[in-house]
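Survey of secondary and tertiary structure
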There are 2 protein chains.
Amino acid sequence: MASDSSRLKLIVTGGAGYVGSVCTARLLEAGHEVVVVDDLSTGHADAVPDGARFVEGDAADATASLLGEGFDGVLHFAAKSLVGESMQDPAKYWHGNVITSIRLLDAMRAHGTPRLVFSSTAATYGEPERSPIPETAPTMPTNTYGASKLAIDHAITSYARAHGLAAVSLRYFNVAGAYGRFGERHTTETHLIPLVLQVATGDRPHISIFGEDYPTDDGTAVRDYIHVADLADAHLLALTHARAGEHRIYNLGNGTGFSVRQVIEACRTVTGHPIPAEVAPRRAGDPAILVAASDRAREELGWKPERADLEGIVRDAWRFTQERKALGG
Amino acid sequence: MASDSSRLKLIVTGGAGYVGSVCTARLLEAGHEVVVVDDLSTGHADAVPDGARFVEGDAADATASLLGEGFDGVLHFAAKSLVGESMQDPAKYWHGNVITSIRLLDAMRAHGTPRLVFSSTAATYGEPERSPIPETAPTMPTNTYGASKLAIDHAITSYARAHGLAAVSLRYFNVAGAYGRFGERHTTETHLIPLVLQVATGDRPHISIFGEDYPTDDGTAVRDYIHVADLADAHLLALTHARAGEHRIYNLGNGTGFSVRQVIEACRTVTGHPIPAEVAPRRAGDPAILVAASDRAREELGWKPERADLEGIVRDAWRFTQERKALGG
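Residues numbered from 1 in each chain as written. Chains lettered and ligands numbered in written order. Predicted model: local features only at pLDDT ≥ 70, side-chain atom pairs only at ≥ 80, totals over all residues. Heavy atoms only, no water.

Digging into the sheet that holds strand E1 (residues 9–13) of chain A
Sheet strands associate in pairs through backbone hydrogen bonding, adopting either a parallel or an antiparallel arrangement. All names here are of chain A. The strand order across the open sheet formed by 7 strands is E3-E2-E1-E4-E5-E6-E10, and the pairing between neighbours is parallel. Each edge of the open sheet carries a strand with a single partner, namely strand E3 (53–56) and strand E10 (247–252). Across this sheet, the average inter-strand angle for adjacent strands is 20°, counted without regard to direction. Relative to strand E2 (residues 33–38), E1 is paired through 5 bridges, and the arrangement is parallel. By the bridge assignment for E2, Leu10 is matched with Val34. Sitting on the sheet, helix H7 (residues 228–241) is in contact with E1, strand E4 (73–76), strand E5 (115–121), strand E6 (166–172) and E10, with an inclination near 160° to E6. (Pairing = 2+ DSSP bridges. Helix = DSSP H or I, 4+ residues; strand = E, 2+ residues; numbered from the N terminus. Axes fitted to C-alpha atoms, helices over the stretch in contact; angles between N-to-C directions. Contact = heavy atoms within 4.5 Å.)

What follows is the structure, encoded as structure tokens:
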């Protein structure tokens, strides 16, 4: 264990990815010691923040090898996270997400590692009838990605209860924005804001709007966009609020929904580009509205999103997109 | 694949256990060819019905080795199934149930095995607010056993959808009774009817009633007891109704609840033993009423419980108990 109680010695799996790299940067700024474990299957070695030690390897195997050094906790971001792929190739998700996480839990138990913060997802809820969505909503995932994360949440609950692990699962809604030199660099981009910004950079001819006949104000689907730095802050709070033998689950969103058309309009304002949009049919399994009720995180963690303004989120994403473009990536 | 379309070549994992052995006996009677795979961790070699080939081994590894011979389907009963143990030693359930089942699904996919019937459980629902419980009820398991079975159900859904597997999950409520020489021979017995009958045989001084202040007619907890032979029949129907690319889920119960006191009274009637009972506090996590809505199985499978009479169920269990006692086991 680390000797200074305020300085924690941590492993961040998936720390070369989008959320993991931002969280690592924030952990380092807060004075913690971080070892990033990432197999670079989707992450980028140059996204690992300076100041973090980097070990290339599997989230279970490489972490298990490190844990003997004595760590205060693991933040487990490493995951397969493409919904479409999860439907085509479920084995990749049951192995890469579920089995890997069970083996990580076994290793943490073997080494007595006390804390775990896990990246769960709003996809565990599926298509809830009511919005905003509290943590008490039924978990009925409609895709394999969500089902794999739900199985891990259940496994964490069982290990916390049986073996005294202090665990927190954070269920992300739509993460967006960038922080410093860390942002979204997905090879397969499926998120709305980066896709819209690809139109502004000329890398995509237009943006598709899937469905404009939803029962929402402007007919397009409404989602809850949360700034990646706000999300990272919740992880730091989760680390200090985790209690031995408990597995707490928190939804993370702004609690404010923005429609697809509102997002496109914000991107037009920020980029000055007209961003042509084309309406396409609804996609199967896309609910009208997905907005988080994050009251529990506000009350129990003292967390508050500081960057909830949509234009601000888009502005950070746009700055990051232009910087990457200038770097040729 | 088997050449005669009505005669199927099947693997039954866990066929040396209680439900698996009864199901194997019924499959053989129906003219199917059965290979039982069982690691005998809780099953008994002498419980494998005559006429079945027996392979001692792990449900994933041994089955994977056999599948190359060409099978029409797998009935997957092998599992860790003690709720209390699952809370103390969750790893045993995440490995023995979830990881083993994922590996079984991988093997079936690799060999193109077309059909799977899986033993799921009412414990996937947790403690529902309403009873009877339909398949559309939220799945919020409160113990690790139920969570592990739910994860497998989700994995099966994903493999069926992606790879064309024809799959059925049967969610058992309280299985009871015996069939021929096949019945409950658990080393750790946790089920009410065998426990009450142990009082009648003199192996237990009294039966404990956990809670008599439930909001039920006589204050004791109400459960849905289904005869093991009725349950087995549902498996035979599931095999023929399974459709490629679909994962169907059916609750199996009589739809009639019996209270703990009613069960004890039926055991008194059948055995002629006074069966002393002592009231103890409620156990954590025991809901007042758990009764199945099995309409879907009745409508889609044409299934109907033929042995729903409580005294008849107890009579079969008592006959089996006395026969085992005479055998010295």
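Describing the side chain of Glu135 of chain A
Residues and elements named next belong to chain A. Counting through the fold element by element, Glu135 comes out in the loop between E5 and helix H5 (144–163). Take Glu135: its relative accessible area is 12%, and that puts it in the buried class. In contact with Glu135, other than residues within four places in its own chain, are Tyr125, Ile249, Tyr250, Asn251, Ala293 and Arg296. (Buried < 20%, exposed > 50% of the residue type's maximum accessible area, 1.4 Å probe, protein only.)

What about unusual backbone geometry?
The omega torsion across Ser131 of chain A and Pro132 of chain A is 0°, close enough to zero to call that bond cis. Positive phi values are uncommon outside glycine, yet Ile275 of chain A reaches one of about 45°. Relative accessible area serves as the criterion here: at 0%, Ile275 of chain A is assigned to the buried category. Look at Leu40 of chain B: it is not a glycine, yet its phi comes out positive at around 60°.

Overview of the nonpolar core
Nonpolar side chains in soluble globular proteins generally cluster together in the buried interior. Among the nonpolar cores identified, the biggest contains 57 residues, and Ile11, Trp94 and Leu116 of chain A together with Ile11, Trp94 and Leu116 of chain B are the most heavily contacted of them. Leave out the neighbours within four places in its chain, and Leu116 of chain A touches Val74, His76, Leu105, Met108, Ile156, Leu165, Ala166, Ala167 and Val168 of chain A. Grouped together as the second largest cluster of nonpolar side chains are 40 residues, Val19, Val22, Leu75 and Leu252 of chain B included. (Core = buried A, V, L, I, M, F, W, Y, C linked by side-chain atoms within 4.5 Å.)

Describing the sheet that holds strand E9 (residues 222–223) of chain B
All names here are of chain B. Sheet architecture is open: 3 strands sit in the order E12-E9-E14, paired in mixed fashion. Edge strands, defined here as strands with exactly one partner in the open sheet, are strand E12 (258–259) and strand E14 (289–290). By the bridge criterion, 2 bridges tie E9 to E14 in an arrangement that is parallel. Across the sheet, residue Val222 finds its bridge partner in E14, namely Ile289.

Coordinates in, geometry out; function isn't part of it.
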